[in-house]
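# Architecture at a glance
Below are the chains, spelled out letter by letter.
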Amino acid sequence: MLIKTPKNFSLKDSDVTDESIYRERRSLLKQMGFLGAGALMSSAIAKNASAGFFSADADTVFQTTGLDYSKDTLNQGLLKTPEQKVITHNNFYEFGSKKNQPVELAQSFKVDPWQLKISGECDNPITLDHDDLTRLFPLEERIYRLRCVEAWSMVIPWIGFPLASLLKKVAPNSRAKYVAFETLYDPKQMPGQENRRLGGGIKYPYVEGLRIDEAMNPLTLMSVGLYGKTLPPQNGAPIRLVVPWKYGFKSIKSIVGIKLLEQQPPTTWKKLAPREYGFYANVNPNHDHPRWSQASERRISSGGLFARNRIATLPFNGYGEEVADLYQGMNLSKHY
Ligand code: MTE
(Lines give C-alpha, C1' and ligand atoms only; values in the text may rest on other atoms or scores of the structure.)
Protein backbone atom coordinates (compact mmCIF):
# COMPACT_ATOMS: atom_id res chain seq x y z
CA MET A 1 0.00 0.00 0.00
CA LEU A 2 2.18 2.90 1.15
CA ILE A 3 5.18 0.77 0.40
CA LYS A 4 5.87 0.29 -3.28
CA THR A 5 5.15 -3.22 -4.48
CA PRO A 6 7.80 -4.86 -6.65
CA LYS A 7 6.84 -4.89 -10.35
CA ASN A 8 6.72 -8.64 -10.41
CA PHE A 9 4.88 -9.65 -7.32
CA SER A 10 3.33 -12.93 -8.33
CA LEU A 11 4.66 -16.24 -7.07
CA LYS A 12 7.06 -17.96 -9.39
CA ASP A 13 6.10 -21.56 -10.00
CA SER A 14 9.68 -22.45 -9.06
CA ASP A 15 8.89 -21.19 -5.53
CA VAL A 16 7.07 -24.47 -5.01
CA THR A 17 9.71 -26.85 -3.77
CA ASP A 18 9.55 -30.58 -4.24
CA GLU A 19 8.91 -32.19 -0.85
CA SER A 20 11.98 -34.50 -0.91
CA ILE A 21 14.27 -31.55 -1.62
CA TYR A 22 12.43 -29.59 1.04
CA ARG A 23 13.00 -32.28 3.70
CA GLU A 24 16.68 -32.67 2.79
CA ARG A 25 17.35 -28.96 3.11
CA ARG A 26 15.23 -28.46 6.19
CA SER A 27 17.83 -29.28 8.85
CA LEU A 28 20.36 -27.05 7.12
CA LEU A 29 17.92 -24.22 6.87
CA LYS A 30 16.95 -24.58 10.53
CA GLN A 31 20.34 -23.06 11.31
CA MET A 32 19.41 -20.00 9.28
CA GLY A 33 17.30 -17.21 10.76
CA PHE A 34 13.52 -17.25 11.20
CA LEU A 35 12.88 -15.73 7.79
CA GLY A 36 14.98 -18.33 6.02
CA ALA A 37 12.91 -21.09 7.54
CA GLY A 38 9.78 -19.06 6.82
CA ALA A 39 10.51 -18.88 3.12
CA LEU A 40 10.86 -22.64 3.13
CA MET A 41 7.58 -22.94 4.97
CA SER A 42 5.70 -20.88 2.41
CA SER A 43 6.98 -23.23 -0.28
CA ALA A 44 5.74 -26.21 1.70
CA ILE A 45 2.38 -24.55 2.24
CA ALA A 46 2.04 -23.68 -1.41
CA LYS A 47 2.83 -27.25 -2.39
CA ASN A 48 0.43 -28.77 0.08
CA ALA A 49 -2.32 -26.31 -0.73
CA SER A 50 -2.28 -27.49 -4.30
CA ALA A 51 -2.29 -31.09 -3.08
CA GLY A 52 -5.15 -30.22 -0.70
CA PHE A 53 -3.42 -31.04 2.59
CA PHE A 54 -0.97 -29.53 5.04
CA SER A 55 0.81 -32.55 6.43
CA ALA A 56 4.38 -31.82 5.31
CA ASP A 57 5.25 -29.97 8.48
CA ALA A 58 2.35 -30.57 10.81
CA ASP A 59 4.26 -29.31 13.83
CA THR A 60 4.82 -25.83 12.43
CA VAL A 61 2.18 -25.24 9.76
CA PHE A 62 -1.17 -23.90 10.97
CA GLN A 63 -3.89 -26.54 10.70
CA THR A 64 -7.08 -25.69 8.84
CA THR A 65 -10.20 -27.89 8.99
CA GLY A 66 -12.97 -28.69 6.52
CA LEU A 67 -16.26 -26.78 6.76
CA ASP A 68 -19.89 -27.68 5.98
CA TYR A 69 -21.43 -25.09 3.68
CA SER A 70 -23.83 -24.60 0.81
CA LYS A 71 -22.25 -24.04 -2.60
CA ASP A 72 -22.35 -20.76 -4.48
CA THR A 73 -24.60 -21.73 -7.39
CA LEU A 74 -24.28 -18.42 -9.27
CA ASN A 75 -20.54 -17.92 -9.66
CA GLN A 76 -19.01 -21.34 -10.33
CA GLY A 77 -18.14 -20.05 -13.82
CA LEU A 78 -15.61 -17.52 -12.49
CA LEU A 79 -12.01 -18.66 -12.95
CA LYS A 80 -10.69 -18.96 -9.39
CA THR A 81 -7.23 -17.87 -8.33
CA PRO A 82 -5.36 -21.06 -7.33
CA GLU A 83 -5.46 -21.71 -3.61
CA GLN A 84 -1.68 -21.67 -3.17
CA LYS A 85 -1.59 -18.12 -4.54
CA VAL A 86 -4.48 -16.99 -2.36
CA ILE A 87 -2.70 -18.22 0.77
CA THR A 88 0.86 -17.12 -0.02
CA HIS A 89 0.40 -13.65 -1.57
CA ASN A 90 -1.11 -11.61 1.24
CA ASN A 91 -1.50 -8.17 2.72
CA PHE A 92 -1.52 -8.51 6.51
CA TYR A 93 0.82 -5.85 7.85
CA GLU A 94 0.66 -7.16 11.41
CA PHE A 95 2.86 -9.95 10.03
CA GLY A 96 4.97 -7.77 7.73
CA SER A 97 4.39 -5.45 4.80
CA LYS A 98 5.79 -7.75 2.12
CA LYS A 99 3.47 -10.13 0.33
CA ASN A 100 5.31 -13.28 1.39
CA GLN A 101 5.77 -12.33 5.05
CA PRO A 102 2.29 -13.15 6.47
CA VAL A 103 2.51 -16.79 5.42
CA GLU A 104 6.02 -16.97 6.85
CA LEU A 105 5.33 -15.27 10.18
CA ALA A 106 1.72 -16.22 11.01
CA GLN A 107 1.84 -20.01 11.24
CA SER A 108 1.87 -20.16 15.04
CA PHE A 109 -0.96 -17.62 15.40
CA LYS A 110 -3.52 -18.83 18.02
CA VAL A 111 -7.17 -18.59 17.01
CA ASP A 112 -8.74 -20.75 19.74
CA PRO A 113 -9.75 -19.44 22.26
CA TRP A 114 -11.07 -16.38 20.43
CA GLN A 115 -13.64 -13.78 21.40
CA LEU A 116 -15.55 -11.51 19.04
CA LYS A 117 -17.51 -8.84 20.89
CA ILE A 118 -20.42 -7.07 19.13
CA SER A 119 -21.53 -4.01 21.05
CA GLY A 120 -22.44 -0.32 20.86
CA GLU A 121 -25.76 1.05 19.64
CA CYS A 122 -27.81 -2.16 19.86
CA ASP A 123 -30.31 -3.87 22.17
CA ASN A 124 -28.62 -7.29 22.49
CA PRO A 125 -24.82 -7.02 22.59
CA ILE A 126 -23.12 -10.41 22.42
CA THR A 127 -19.71 -12.02 22.58
CA LEU A 128 -19.04 -14.99 20.33
CA ASP A 129 -16.39 -17.58 21.07
CA HIS A 130 -14.31 -19.59 18.63
CA ASP A 131 -16.89 -22.33 17.96
CA ASP A 132 -19.79 -19.87 17.58
CA LEU A 133 -18.03 -18.40 14.56
CA THR A 134 -18.64 -21.50 12.45
CA ARG A 135 -21.78 -22.82 14.19
CA LEU A 136 -24.12 -19.92 14.86
CA PHE A 137 -25.13 -19.27 11.25
CA PRO A 138 -25.44 -21.54 8.20
CA LEU A 139 -22.26 -21.21 6.17
CA GLU A 140 -22.33 -20.40 2.47
CA GLU A 141 -19.71 -20.30 -0.24
CA ARG A 142 -19.34 -16.93 -1.99
CA ILE A 143 -17.04 -16.76 -4.99
CA TYR A 144 -16.02 -13.10 -5.12
CA ARG A 145 -13.53 -10.93 -6.94
CA LEU A 146 -11.07 -9.24 -4.55
CA ARG A 147 -9.56 -6.02 -5.95
CA CYS A 148 -6.60 -4.50 -4.11
CA VAL A 149 -5.91 -0.77 -4.49
CA GLU A 150 -2.40 -1.83 -5.59
CA ALA A 151 -4.08 -2.92 -8.86
CA TRP A 152 -3.90 -6.69 -8.51
CA SER A 153 -6.95 -8.89 -8.09
CA MET A 154 -7.99 -12.45 -7.34
CA VAL A 155 -11.14 -14.59 -7.44
CA ILE A 156 -11.60 -16.33 -4.11
CA PRO A 157 -14.16 -18.92 -2.96
CA TRP A 158 -14.86 -17.61 0.55
CA ILE A 159 -16.96 -19.47 3.14
CA GLY A 160 -18.95 -17.41 5.62
CA PHE A 161 -22.25 -15.84 6.60
CA PRO A 162 -23.79 -12.43 5.87
CA LEU A 163 -22.75 -9.67 8.28
CA ALA A 164 -26.46 -8.74 8.22
CA SER A 165 -27.34 -12.01 10.03
CA LEU A 166 -24.97 -11.13 12.85
CA LEU A 167 -26.16 -7.53 13.08
CA LYS A 168 -29.82 -8.58 13.17
CA LYS A 169 -28.99 -10.81 16.13
CA VAL A 170 -27.74 -7.85 18.18
CA ALA A 171 -30.67 -5.63 17.10
CA PRO A 172 -29.12 -2.26 16.18
CA ASN A 173 -31.04 0.73 17.59
CA SER A 174 -32.00 3.90 15.68
CA ARG A 175 -28.70 5.63 16.53
CA ALA A 176 -26.66 2.92 14.77
CA LYS A 177 -25.47 4.64 11.59
CA TYR A 178 -22.01 3.05 11.20
CA VAL A 179 -20.25 -0.20 12.03
CA ALA A 180 -16.65 -0.18 13.28
CA PHE A 181 -14.34 -3.22 13.15
CA GLU A 182 -11.13 -3.92 15.05
CA THR A 183 -8.39 -6.51 14.56
CA LEU A 184 -6.77 -8.30 17.51
CA TYR A 185 -3.98 -6.32 19.16
CA ASP A 186 -1.34 -8.77 20.35
CA PRO A 187 2.22 -7.71 19.46
CA LYS A 188 3.63 -10.94 20.94
CA GLN A 189 1.87 -12.84 18.17
CA MET A 190 1.78 -10.10 15.55
CA PRO A 191 5.31 -8.73 15.36
CA GLY A 192 4.46 -5.91 12.93
CA GLN A 193 2.30 -4.24 15.58
CA GLU A 194 5.37 -3.17 17.56
CA ASN A 195 8.04 -3.13 14.92
CA ARG A 196 7.39 -0.03 12.79
CA ARG A 197 9.48 -1.20 9.88
CA LEU A 198 7.86 -4.62 9.70
CA GLY A 199 4.36 -3.21 10.27
CA GLY A 200 4.54 -0.47 7.62
CA GLY A 201 4.25 2.46 10.04
CA ILE A 202 0.59 1.70 10.84
CA LYS A 203 -0.73 2.57 14.31
CA TYR A 204 -2.34 -0.66 15.54
CA PRO A 205 -4.86 -2.16 16.07
CA TYR A 206 -5.98 -2.11 12.43
CA VAL A 207 -9.48 -0.61 12.29
CA GLU A 208 -12.12 -0.35 9.58
CA GLY A 209 -15.69 0.79 9.16
CA LEU A 210 -18.81 0.70 7.02
CA ARG A 211 -22.02 2.64 6.86
CA ILE A 212 -24.85 0.56 8.35
CA ASP A 213 -26.59 0.13 4.97
CA GLU A 214 -23.31 -1.13 3.46
CA ALA A 215 -22.92 -3.51 6.38
CA MET A 216 -26.48 -4.83 5.90
CA ASN A 217 -26.04 -5.35 2.14
CA PRO A 218 -26.41 -9.08 1.34
CA LEU A 219 -22.99 -9.13 -0.38
CA THR A 220 -21.14 -8.14 2.81
CA LEU A 221 -19.69 -11.31 4.25
CA MET A 222 -18.11 -12.40 7.52
CA SER A 223 -15.69 -15.01 6.24
CA VAL A 224 -14.49 -17.95 8.30
CA GLY A 225 -12.97 -19.96 5.48
CA LEU A 226 -11.80 -20.28 1.92
CA TYR A 227 -11.51 -23.15 -0.50
CA GLY A 228 -13.78 -25.27 1.74
CA LYS A 229 -11.61 -25.02 4.87
CA THR A 230 -11.23 -22.67 7.83
CA LEU A 231 -9.12 -19.58 7.11
CA PRO A 232 -5.37 -19.85 7.42
CA PRO A 233 -3.93 -17.11 9.66
CA GLN A 234 -2.37 -15.14 6.80
CA ASN A 235 -5.87 -14.68 5.32
CA GLY A 236 -7.40 -13.44 8.58
CA ALA A 237 -8.27 -16.44 10.78
CA PRO A 238 -10.53 -17.07 12.52
CA ILE A 239 -12.90 -14.44 11.09
CA ARG A 240 -12.59 -11.51 8.69
CA LEU A 241 -14.75 -9.16 6.70
CA VAL A 242 -15.15 -9.39 2.90
CA VAL A 243 -16.70 -6.43 1.07
CA PRO A 244 -16.30 -7.32 -2.61
CA TRP A 245 -17.16 -3.95 -4.18
CA LYS A 246 -14.55 -2.08 -2.13
CA TYR A 247 -10.75 -2.12 -2.27
CA GLY A 248 -9.27 -5.01 -0.32
CA PHE A 249 -8.06 -2.89 2.58
CA LYS A 250 -11.67 -2.55 3.81
CA SER A 251 -11.79 -6.34 4.29
CA ILE A 252 -10.28 -6.32 7.78
CA LYS A 253 -8.81 -9.54 9.15
CA SER A 254 -8.78 -11.43 12.49
CA ILE A 255 -11.61 -9.36 14.00
CA VAL A 256 -12.19 -9.17 17.78
CA GLY A 257 -14.54 -6.18 17.94
CA ILE A 258 -17.57 -4.92 16.02
CA LYS A 259 -19.21 -1.78 17.34
CA LEU A 260 -22.36 -0.01 16.18
CA LEU A 261 -21.85 3.75 16.24
CA GLU A 262 -23.65 7.00 15.56
CA GLN A 263 -20.55 8.69 14.06
CA GLN A 264 -18.26 7.58 11.24
CA PRO A 265 -15.36 5.62 12.81
CA PRO A 266 -11.68 6.22 12.01
CA THR A 267 -10.15 3.75 9.55
CA THR A 268 -6.50 2.67 9.38
CA TRP A 269 -5.42 3.74 5.89
CA LYS A 270 -7.38 6.97 5.92
CA LYS A 271 -5.70 7.93 9.21
CA LEU A 272 -2.30 7.21 7.70
CA ALA A 273 -2.75 8.94 4.31
CA PRO A 274 -6.16 10.67 3.97
CA ARG A 275 -5.39 12.03 0.50
CA GLU A 276 -4.71 8.53 -0.76
CA TYR A 277 -7.31 6.41 1.03
CA GLY A 278 -10.88 7.36 1.83
CA PHE A 279 -13.56 5.93 4.10
CA TYR A 280 -15.66 4.58 1.22
CA ALA A 281 -12.91 2.99 -0.91
CA ASN A 282 -15.39 1.77 -3.52
CA VAL A 283 -13.56 0.28 -6.50
CA ASN A 284 -13.60 3.09 -9.05
CA PRO A 285 -11.69 2.93 -12.37
CA ASN A 286 -12.32 6.67 -12.85
CA HIS A 287 -10.60 7.80 -9.66
CA ASP A 288 -6.88 7.04 -9.62
CA HIS A 289 -4.82 6.53 -6.52
CA PRO A 290 -1.80 8.92 -6.61
CA ARG A 291 0.54 5.96 -7.28
CA TRP A 292 -1.61 3.34 -8.97
CA SER A 293 -3.94 3.84 -11.93
CA GLN A 294 -7.23 2.18 -11.07
CA ALA A 295 -8.31 1.78 -14.71
CA SER A 296 -7.07 -1.79 -14.97
CA GLU A 297 -5.82 -4.60 -12.77
CA ARG A 298 -3.60 -7.65 -12.91
CA ARG A 299 -5.67 -10.76 -12.23
CA ILE A 300 -3.60 -13.27 -10.30
CA SER A 301 -4.58 -16.53 -11.91
CA SER A 302 -3.17 -19.88 -12.87
CA GLY A 303 -1.21 -18.43 -15.77
CA GLY A 304 2.58 -18.48 -15.66
CA LEU A 305 4.85 -15.51 -15.21
CA PHE A 306 4.15 -14.06 -18.65
CA ALA A 307 0.43 -14.79 -18.80
CA ARG A 308 -1.51 -11.86 -20.23
CA ASN A 309 -3.92 -11.21 -17.45
CA ARG A 310 -4.38 -7.45 -17.33
CA ILE A 311 -8.08 -6.69 -17.39
CA ALA A 312 -10.22 -3.54 -17.20
CA THR A 313 -11.40 -2.62 -13.71
CA LEU A 314 -15.17 -2.30 -13.35
CA PRO A 315 -17.00 0.28 -11.22
CA PHE A 316 -17.81 -1.27 -7.83
CA ASN A 317 -15.63 -4.19 -8.92
CA GLY A 318 -18.47 -5.40 -11.14
CA TYR A 319 -21.07 -5.42 -8.32
CA GLY A 320 -22.76 -2.15 -9.39
CA GLU A 321 -26.15 -3.77 -9.90
CA GLU A 322 -26.19 -4.86 -6.27
CA VAL A 323 -24.69 -1.76 -4.61
CA ALA A 324 -24.73 1.37 -6.81
CA ASP A 325 -28.04 2.44 -5.22
CA LEU A 326 -26.30 2.87 -1.89
CA TYR A 327 -24.43 5.87 -3.32
CA GLN A 328 -27.22 7.67 -5.22
CA GLY A 329 -26.47 11.37 -5.46
CA MET A 330 -22.97 11.10 -3.96
CA ASN A 331 -19.88 12.44 -5.73
CA LEU A 332 -17.72 9.31 -5.66
CA SER A 333 -14.55 11.20 -6.59
CA LYS A 334 -15.00 13.36 -3.52
CA HIS A 335 -16.11 10.43 -1.34
CA TYR A 336 -13.36 8.06 -2.50
N1 MTE B 1 -6.53 -6.57 7.79
C2 MTE B 1 -5.58 -6.34 8.72
N3 MTE B 1 -5.88 -6.50 10.01
N4 MTE B 1 -4.31 -5.96 8.39
C5 MTE B 1 -3.95 -5.75 7.08
O6 MTE B 1 -2.80 -5.39 6.81
N7 MTE B 1 -4.67 -5.75 4.74
C8 MTE B 1 -5.83 -5.46 3.88
C9 MTE B 1 -6.98 -6.45 4.11
N10 MTE B 1 -7.19 -6.68 5.53
C11 MTE B 1 -4.94 -5.95 6.08
C12 MTE B 1 -6.23 -6.40 6.48
C13 MTE B 1 -5.49 -5.42 2.46
S14 MTE B 1 -4.57 -4.09 1.96
C15 MTE B 1 -5.92 -6.36 1.58
S16 MTE B 1 -5.68 -6.17 -0.10
C17 MTE B 1 -6.60 -7.59 2.03
O18 MTE B 1 -6.66 -7.68 3.45
C19 MTE B 1 -5.84 -8.79 1.50
O20 MTE B 1 -6.46 -9.99 1.86
P21 MTE B 1 -5.76 -11.37 1.49
O22 MTE B 1 -4.36 -11.33 2.02
O23 MTE B 1 -6.60 -12.44 2.13
O24 MTE B 1 -5.77 -11.45 -0.02
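Please refer to the structure higher up on the page.
Sequence order as written defines the numbering, with residues in each chain counted from 1. In view of the model being predicted, local features appear only for residues whose pLDDT reaches at least 70, and side-chain atom pairs are presented and counted only at 80 or more, with totals across whole chains, interfaces and linings using the full set of residues. With hydrogens and water stripped out, all remaining heavy atoms of the structure feed into the side-chain values.

By the criteria applied, helices consist of DSSP H or I runs no shorter than four residues and strands consist of E runs no shorter than two, each listed in order from the N terminus. Assigned secondary structure in the protein consists of nine helices and 12 strands. Sorting the 336 residues of the protein into buried and exposed places 55% on the buried side. Contacts between residues were defined by any pair of non-hydrogen atoms, one from each residue, lying within 4.5 Å. Looking at the protein alone, contacts between residues at least 24 apart form 73% of all its contacts between residues at least 6 apart. Of the roughly 15,300 Å² that the protein leaves accessible, carbon and sulfur atoms contribute 52%. Summary of the burial criterion: residues with accessible area below 20% of their type's maximum are buried, those above 50% are exposed, and those between are partly exposed, where the area comes from a 1.4 Å probe applied to protein chains only. Method for areas: the Shrake-Rupley scheme with a 1.4 Å probe, in which residue coverage is limited to the protein chains shown.

Right, let's get into the packing of aromatic side chains. When the centres of two rings from Phe, Tyr and Trp lie within 6.5 Å, Trp using its six-membered ring, the rings pair. Their planes under 30 degrees apart give stacked, over 60 give edge-to-face, and anything left gives tilted. Per the stated rule, a full pass over the model turns up 12 aromatic pairs. Pairing phenylalanine 95 with phenylalanine 109 gives two aromatic rings, centres 5.6 Å apart and planes at 80°, and the pair type is edge-to-face. Of the two residues, phenylalanine 95 sits in the loop between α3 (83-86) and α4 (101-105) while phenylalanine 109 sits in the loop between α4 and β1 (115-120), which places them 14 residues apart along the sequence. In this structure phenylalanine 95 comes out as buried when scored by relative accessible area, which is 0%. For phenylalanine 109, a relative accessible area of 4% corresponds to the buried category. Judged by centre distance (5.4 Å) and plane angle (90°), the rings of phenylalanine 279 and tyrosine 280 are edge-to-face. Grouping residues by exposure puts phenylalanine 279 and tyrosine 280 together as buried.

On to the site of the ligand, then. In this text, near means that some heavy atom of the residue lies within 4 Å of the molecule or strand in question. Neighbouring the ligand are 17 residues; Tyr93, Glu94, Arg240, Ser251 and Lys253 lie closest to it. Residue asparagine 90 places a side-chain N or O atom 2.9 Å away from an oxygen atom belonging to the ligand. Taking threonine 183, its side chain carries an N or O atom lying 3.0 Å from a nitrogen atom of the ligand. For the ligand, whose accessible area on its own is 530 Å², the fraction buried by protein is 100%. Looking at the shell around the ligand residue by residue, the classes come out as eight nonpolar, six polar and three charged. Between N or O atoms, a polar contact is any pair within 3.5 Å; within protein, one atom must be a potential hydrogen donor and the other a potential acceptor, and residues adjacent in sequence are included only when both atoms are from side chains. Side-chain classes are defined by residue name, with Ala, Val, Leu, Ile, Met, Phe, Trp, Tyr, Cys and Pro counting as nonpolar, Asp, Glu, Lys and Arg as charged, and the others, Gly among them, as polar.

Another point: unusual backbone geometry. Residue aspartate 112 is joined to proline 113 through a cis peptide bond whose omega torsion reads 5°. With respect to the secondary-structure elements, proline 113 resides in the loop between α4 and β1.

This part takes up the pairing of strand β10 (residues 255-261). Judged by how many residues are buried, β10 sits mostly within the fold: five of seven residues are covered. One ladder, built from four bridges, connects β1 with β10; its direction is parallel. Note on β10: the bridge partner recorded for glycine 120 is leucine 260. Where strand β5 (residues 178-183) and β10 come together, six bridges link them in antiparallel fashion. Following the sheet pairing, valine 179 is matched in β10 by leucine 260. Between any two strands, pairing holds if DSSP finds at least two bridges.

What follows deals with the sheet that holds β10. Here we have five strands laid out as an open sheet, ordered β2-β1-β10-β5-β6, and mixed in their pairing. With one partner strand each, in any of the chains shown, β2 (126-129) and β6 (207-211) form the two edges of the open sheet. Sheet twist, expressed as the mean angle between neighbouring strand axes with direction ignored, is 15°. Working convention: axes come from line fits to C-alpha atoms, limited for helices to the stretch in contact. Angles between N-to-C directions cover 0 to 180 degrees.

The next thing to look at is the pattern of salt bridges. Take a side-chain nitrogen of Lys or Arg and a carboxyl oxygen of Asp or Glu: if they are within 4 Å of each other, that pair is a salt bridge. Per the stated rule, a full pass over the model turns up 11 salt bridges. In this structure, arginine 142 engages glutamate 140 in a salt bridge whose closest nitrogen and oxygen atoms are separated by 2.9 Å. The salt bridge partner of aspartate 213 is arginine 211, with a shortest N-O separation of 2.9 Å. Owing to a relative accessible area of 32%, aspartate 213 belongs among the partly exposed residues under this scheme. Each of the salt bridges in this network shares a partner with another, and the network as a whole consists of Arg147, Glu297 and Arg299.

So, on to the nonpolar core. Ranked by size, the top nonpolar core spans 80 residues in total, and within it Leu163 and Ile258 carry the most contacts. When residues in this core are grouped by element, the largest group, six residues, is from strand β4 (residues 152-162). Dropping the residues within four chain positions of it, leucine 163 is found in contact with Phe181, Leu210, Ala215, Thr220, Leu221, Met222, Leu241 and Ile258. What makes a nonpolar core is a set of buried Ala, Val, Leu, Ile, Met, Phe, Trp, Tyr and Cys residues whose side-chain atoms join them at distances within 4.5 Å.

Right, let's get into the pairing of strand β7 (residues 221-226). Counting buried positions along β7 yields six of six residues, so the element is predominantly enclosed. Pairing of β4 with β7 involves five bridges; the strand directions are antiparallel. In the sheet register, tryptophan 158 faces β7, and the bridge partner there is leucine 226. Taken together, the three bridges between β7 and strand β9 (residues 240-242) define a ladder with antiparallel strand orientation. Paired with leucine 221 across the two strands is valine 242, which belongs to β9. As paired strands, β7 and strand β8 (residues 229-230) are joined by two bridges and run antiparallel to one another. Pairing of glycine 225 across the sheet is with threonine 230, part of β8.

By themselves these figures say nothing about function.
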